[in-house]
There are 2 protein chains.
Amino acid sequence: MPRDLRSMPRRSVLAGGAAALATAGLSSVPPGALAQAAGVPAGAAQPAATPAAPSTGKPLPPYASWKDAGALIVHSSNTIETRRNAFGTSVITPAERLYIRNNLPPPDAAIVADRDAWEVAVEGVKNPRSLSVRELKAIGIETTAMVLQCSGNGRGYFPSKPSGTPWQVGAAGCVIWSGAPVRMVVDVLGGVAEGARFMTGTGGEKLPDGIDAKSVIVERSVPVAAMADALLAWELNGAPVPLAHGGPLRLIVPGYTGINNVKYVKRLVFAAAESDARIMSHGYRMSPVGAKGDPSQPSVQEMGVKSWINSPAPGDAAVAAGNLPIHGVAFGGIHAIAKVEVSLDGGKTWRQARFIGPDLGRYAWRQFVLETRLDPGSHLLASRATDTGGNVQPQERLENAGGYNNASWADHVIEVTVS
Amino acid sequence: MPRDLRSMPRRSVLAGGAAALATAGLSSVPPGALAQAAGVPAGAAQPAATPAAPSTGKPLPPYASWKDAGALIVHSSNTIETRRNAFGTSVITPAERLYIRNNLPPPDAAIVADRDAWEVAVEGVKNPRSLSVRELKAIGIETTAMVLQCSGNGRGYFPSKPSGTPWQVGAAGCVIWSGAPVRMVVDVLGGVAEGARFMTGTGGEKLPDGIDAKSVIVERSVPVAAMADALLAWELNGAPVPLAHGGPLRLIVPGYTGINNVKYVKRLVFAAAESDARIMSHGYRMSPVGAKGDPSQPSVQEMGVKSWINSPAPGDAAVAAGNLPIHGVAFGGIHAIAKVEVSLDGGKTWRQARFIGPDLGRYAWRQFVLETRLDPGSHLLASRATDTGGNVQPQERLENAGGYNNASWADHVIEVTVS
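Residues numbered from 1 in each chain as written. Chains lettered and ligands numbered in written order. Predicted model: local features only at pLDDT ≥ 70, side-chain atom pairs only at ≥ 80, totals over all residues. Heavy atoms only, no water.

Observations concerning the overall build of chain A
Broken down by element type, chain A carries six helices and 21 strands. With 419 residues in all, chain A has 63% of them scored as buried. Considering only residue pairs separated by 6 or more positions, chain A has 71% of its internal contacts joining residues 24 or more positions apart. Roughly 14,500 Å² of accessible area belongs to chain A as shown, and the carbon and sulfur atoms make up 54% of that amount. (Helix = DSSP H or I, 4+ residues; strand = E, 2+ residues; numbered from the N terminus. Buried < 20%, exposed > 50% of the residue type's maximum accessible area, 1.4 Å probe, protein only. Contact = heavy atoms within 4.5 Å. Areas by Shrake-Rupley, 256 points an atom, 1.4 Å probe, with all protein chains shown as cover.)

In structure tokens, the structure reads:
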């Protein structure tokens with residue numbers, strides 16, 4: 001019995017073949033190597049190709065030592081990225097592979113010693129009070145799958161080189177949270193105070209001494225309507241929320257970028273005004289390039305429709321001529337995803353991909369695959385998502401000083417050289 | 001602001017309350033303790049209450065040292081159970097909390113050093129050959145969420161005390177697999193040979209010397225129709241399948257008990273006859289109590305409809321009078337789950353629970369919750385599932401020598417004493 005498909009004549013493959021896509025090209029799976037794209041723009045008429053992810057060689061910080069180092073790029077102790085080829089095709093991102101972005105160092109691990117004792121003060125409701133996690137668990141349970149994505153994911157593709165971590169695609173993951181629905185908590189406390197327009201979460205990080213707290217505290221406001229699907233979550237992917245991801249209790253606001261999902265949440269306020277903390281008033285704003293953030297500019301909150309290809313990924317060992325499933329992820333932010341198209345020619349022509357795996361709801365990503373074949377030579381692979389609201393993933397990024405909200409499909413193009 | 005709900009007058013809770021279930025009883029959440037059920041039958045007319053899980057104190061074996069020891073009961077180096085209170089409510093079971101049941105010690109970790117090089121020989125097809133994982137990845141990808149459950153899960157509730165691990169509920173988990181669909185692999189190889197009625201997978205464990213291989217090899221046959229949804233899987237929950245769970249490649253047969261999902265699969269055969277390995281011909285048979293297994297008895301294959309409550313769980317610290325969400329898991333084996341009912345009186349009366357979290361498809365479990373309140377005293381909590389085929393979880397187990405297929409709801413009753 002031949003041990004290798006390479007020696008199998010193609011017609012014998014096709015003879016019994018009902019699965020046309022699968023059979024096409026399986027006769028030629030020679031060893032080959034992906035020429036690592038060097039980040040050189042592929043020509044004026046072409047979008048720039050994605051550079052391979054950097055290898056930082058930094059160790060995981062102690063609070064995240066349980067993570068899968070091989071799947072991650074450690075930018076710093078508070079900024080850790082998932083490698084593009086580490087996402088897999090199983091919809092969820094396991095906690096060991098999930099990115100970390102902390103604005104302040106995490107609190108001492110003592111706060112997860114007795115998780116049920118952690119308290120969050122709820123204000124701006126008819127009957128304000130503090131609730132322990134134990135009490136929250138008696139109020140109700142809801143489970144939501146969602147994309148958690150750093151506001152700056154894709155910053156690494158901005159030619160303006162904004163300050164901040166140059167994330168490529170890996171400051172994102174699709175995870176499952178369980179917790180008490182904020183709307184049920186609010187109901188129990190008598191409802192939201194009149195005139196409340198914002199829901200503000202405050203993080204429980206220890207603040208540096210000698211600095212105005214408002215200048216560093218992690219405190220974010222979202223429109224009060226976001227309460228409808230928000231959770232006070234104690235569980236991530238079926239286990240207690242790790243300290244590194246905001247345990248014992250994290251405010252989860254599905255569809256909103258990572259920063260709005262406040263870790264170690266210790267205070268939840270419903271009020272007429274946004275927080276005046278600097279991270280809200282001046283941080284995470286869509287500022288013009290060269291300008292500083294200020295409250296007049298749009299805040300970075302809801303995510304837009306976005307997709308990218310994970311395989312083949314820059315740095316993958318072998319992309320050979322023949323059968324090649326191209327797969328990746330797509331999400332709509334606040335809408336479900338409707339379709340994904342894949343281009344093999346840098347966006348000149350598109351073909352519809354199929355979804356694989358379970359649909360975890362509107363806030364989750366879907367994994368897509370296009371089973372195709374690539375001939376020897378250079379190819380520019382792109383994906384473009386459309387959500388159920390009819391929004392199409394844009395070709396170009398929206399330039400801004402902070403490098404936020406990069407959903408450009410052109411920025412996420414992958415150049416592969418097929419041998 | 002009062003810091004404790006205990007001091008909150010109930011009417012003030014109810015004042016603004018739209019969420020009737022959530023508000024009911026939240027005014028009284030005093031500290032309390034679950035009297036650990038001692039396994040004493042609760043009376044002739046009542047089903048026996050579930051004993052608390054044993055604390056073995058054994059360490060995790062080296063190949064599973066990456067697991068979450070606190071969430072697990074180590075029966076032996078090859079039998080490790082998830083604690084009932086460690087399942088959470090987030091649908092999936094993370095790999096760190098997933099049970100292990102190995103019939104033979106796992107192979108050397110060298111087999112996961114180059115995962116893509118692992119080969120499976122496919123026989124009983126028109127063009128038999130070996131395929132590497134790398135080649136499988138070029139054929140196609142599918143992702144399936146499913147309950148993985150040991151055939152002997154619930155054996156601990158058999159009064160006949162069958163030999164084998166006395167699993168309670170924790171030899172099960174809901175996980176997500178990605179791999180090549182077996183049907184696509186078969187298509188590529190020209191289709192199944194004429195007359196094939198069974199699909200047989202052979203595990204890659206190292207066999208002990210000096211013993212007839214057929215007497216110990218892990219080799220299981222399932223009806224060839226099971227091929228339709230079967231995978232040759234390289235990924236578990238978004239990461240490469242760990243050695244402890246059958247990596248680099250596991251045969252996944254959704255809806256079938258754990259043993260039929262052959263680890264380290266090295267051979268896949270389509271044939272007219274079942275395997276004559278002892279584990280197939282005499283093992284995992286529904287034998288009468290006192291009898292030995294033989295090929296005339298039904299084989300342990302498809303799972304039946306089943307559910308159980310995870311919280312409150314025997315051994316939980318605090319079950320206090322007042323509001324109490326009762327939650328657990330339910331699955332239909334080969335059917336999707338249609339509904340779950342919960343009883344607070346040992347099965348005399350039932351109330352319908354609601355599902356929480358995303359629906360991951362017919363082979364996955366659903367998590368259910370009944371938000372209720374319990375008065376002080378002793379309560380017998382039960383759950384009973386119905387699948388979309390109209391099958392209702394049975395009250396009684398089907399007695400058998402091996403202690404297999406225990407889906408009895410009465411065996412899974414939890415006794416709680418509310419203070």
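On we go from here.
Observations concerning the nonpolar core
Formed by 38 residues in total, the largest nonpolar core has its most connected members in Leu136, Val182, Met199, Leu232 and Phe270 of chain B. Elements with a minimum of two residues in this core: β4 (119–123), α3 (133–139), α4 (182–188), β10 (231–236) and β13 (267–271) of chain B. The dominant element in this core, judged by the number of residues it contributes, is α4 of chain B, at five residues. Setting aside chain neighbours within four positions, we find Leu136 of chain B in contact with Val120, Leu131, Ala180, Val185, Leu232, Trp234 and Leu249 of chain B. With 37 residues, the next largest nonpolar core counts Ile141, Leu189, Leu249 and Tyr256 of chain A among its residues. (Core = buried A, V, L, I, M, F, W, Y, C linked by side-chain atoms within 4.5 Å.)

Focus: the sheet that holds strand β9 (residues 219–223) of chain B
Hydrogen bonds along the backbone pair up the strands of a sheet, which may run parallel or antiparallel. Residue and element names in this part refer to chain B. If you trace the five strands from one edge of the open sheet to the other, you get β5-β4-β13-β8-β9, paired in mixed fashion. Pairing within the sheet leaves two strands with one partner each, and these edge strands are β5 (129–132) and β9. Direction aside, neighbouring strands of the sheet carry axes that sit 20° apart on average. Pairing of β4 with β13, which is carried by three bridges, proceeds in the parallel orientation. Across the sheet, Val122 pairs through a bridge with Leu268, a residue of β13. (Pairing = 2+ DSSP bridges. Axes fitted to C-alpha atoms, helices over the stretch in contact; angles between N-to-C directions.)

Let's talk about the packing of aromatic side chains
All names here are of chain B. Under the definition given, this model contains 16 aromatic pairs over all chains. On the basis of an interplanar angle of 80° and a centroid distance of 6.2 Å, the ring pair of Tyr99 and Trp167 is categorised as edge-to-face. With Tyr99 in the loop between β2 (79–82) and β3 (100–101) and Trp167 in the loop between β6 (142–149) and β7 (172–181), the pair connects residues that are 68 residues apart, well separated along the chain. A relative accessible area of 1% means that Trp167 is categorised as buried. Each ring, one from Phe331 and one from Trp365, has its centre 6.3 Å from the other, and the planes form 45°; the classification is tilted. (Phe/Tyr/Trp six-rings, centres within 6.5 Å; stacked < 30°, edge-to-face > 60°.)

Here's the deal with the environment of Pro242 of chain A
Residue and element names in this part refer to chain A. Looking at the element boundaries, Pro242 is found in the loop between β11 (239–240) and β12 (250–252). A relative accessible area of 15% places Pro242 in the buried class. Along the sequence, Pro242 and Trp66 sit 176 residues apart, while their C-alpha atoms lie 10.0 Å from each other. Sequence-distant contacts of Pro242, that is, excluding residues within four places in its chain, are made with Trp66, Arg115, Leu236 and Gly247.

Re the pattern of salt bridges
Applying the stated rule across the entire model yields 30 salt bridges over all chains. The salt bridge partner of Asp229 of chain A is Arg362 of chain A, with a shortest N-O separation of 3.6 Å. With a gap of 133 residues between them, Asp229 of chain A in the loop between β9 (219–223) and β10 (231–236) and Arg362 of chain A in the loop between β18 (354–356) and β19 (366–374) connect regions that are remote in the sequence. In this structure, the salt-bridge partner of Arg354 of chain B is Glu371 of chain B, at a minimum N-O distance of 2.7 Å. Linking Arg354 of chain B in strand β18 (residues 354–356) with Glu371 of chain B in strand β19 (residues 366–374), this pair joins segments that are 17 residues apart in sequence. On the accessibility criterion, Arg354 of chain B (31% relative accessible area) is partly exposed. For Glu371 of chain B, a relative accessible area of 5% corresponds to the buried category. Overlapping salt bridges bring together Glu123, Lys214, Glu219, Arg267 and Asp276 of chain A as one network. (Salt bridge = Lys/Arg side-chain N within 4 Å of Asp/Glu carboxyl O.)

Here we look at the sheet that holds β18 of chain B
Residue and element names in this part refer to chain B. Strand order in this open sheet of four strands is β14-β15-β19-β18, and the pairing throughout is antiparallel. For this open sheet the edge positions go to β14 (306–311) and β18, each flanked by a neighbour on one side alone. Averaged over all pairs of adjacent strands, the angle between their axes in this sheet comes to 40°, without regard to strand direction. Bridge analysis of β18 against β19 gives three bridges, and the strand direction is antiparallel. Residue pairing for β19: Arg354 is matched across the bridge by Val369.

Some remarks on the pairing of strand β4 (residues 119–123) of chain A
Residues and elements named next belong to chain A. Pairing of β4 with strand β5 (residues 129–132) involves four bridges; the strand directions are antiparallel. Across the sheet, the residue bridging to Glu119 is Ser132, located in β5. Hairpin connection of β4 to β5: five residues between the antiparallel strands, including Gly124 at a positive phi of 75°.

Some details on the side chain of Ser151 of chain A
Residues and elements named next belong to chain A. Here Ser151 is to be found in the loop between β6 (142–149) and β7 (172–181). At a separation of 2.9 Å, a polar atom in the side chain of Ser151 contacts the side chain of Thr257. Contacts of Ser151, omitting those with residues within four sequence positions, involve Thr257, Gly258, Ile259, Tyr284, Val300, Gly403, Tyr404 and Asn405. (Polar contact = N/O pair within 3.5 Å; in protein donor to acceptor, adjacent residues only side chain to side chain.)

Structural notes on the environment of His245 of chain B
All names here are of chain B. Within the fold, His245 resides in the loop between β11 (239–240) and β12 (250–252). Placed 139 residues apart in sequence, His245 and Pro106 show a C-alpha to C-alpha distance of 8.9 Å. Apart from the residues within four sequence positions on either side, His245 is in contact with Trp66, Lys67, Ala95, Leu98, Tyr99, Ile100, Trp177, Leu236, Arg250 and Lys263. A polar contact of 2.5 Å, which involves the side chain of His245, links it to the side chain of Lys67.

Comments concerning the side chain of Asn260 of chain B
Residues and elements named next belong to chain B. Inspection of the secondary structure puts Asn260 in the loop between β12 and β13. Here Arg220 takes part through its side chain, which lies 3.1 Å from a polar atom of the side chain of Asn260. What Asn260 contacts, discounting residues up to four positions off in sequence, is Arg220, Ser221, Val222, Leu251, Val253, Val300 and Gln301.

Section: the confidence of the model for chain A
Residues and elements named next belong to chain A. With 85% of its residues at a pLDDT of at least 70, chain A reaches an overall mean of 87. When the criterion is pLDDT under 50, residues 1–50 qualifies, and its contacts beyond four places in sequence or with other chains add up to 117 contacts. Both scores are available for the predicted complex, with the pTM at 0.88 and the ipTM at 0.87. (pLDDT = per-residue confidence, 0-100.)

Things to note about unusual backbone geometry
What you tend to see is this: most non-glycine residues have negative phi, and most peptide bonds are trans. Each neighbour pair has its own omega, and for Ser311 of chain A with Pro312 of chain A the value is 0°, a cis peptide bond. Mapped onto the fold, Pro312 of chain A is located in the loop between β14 (306–311) and β15 (322–331). With a phi angle near 55°, Tyr284 of chain B is a residue other than glycine that sits in the positive phi range. Mapped onto the elements of the fold, Tyr284 of chain B is located in the loop between α6 (278–281) and β14.

Details of the state of the cysteines
Summed over the entire model, instances satisfying the criterion amount to zero disulfides over all chains. Cys174 of chain B provides the cysteine sulfur closest to Cys174 of chain A, a residue in no disulfide bond, and the two sulfurs are 15 Å apart. For Cys174 of chain A, a relative accessible area of 0% translates into the label buried. (Disulfide = S-S within 2.5 Å.)

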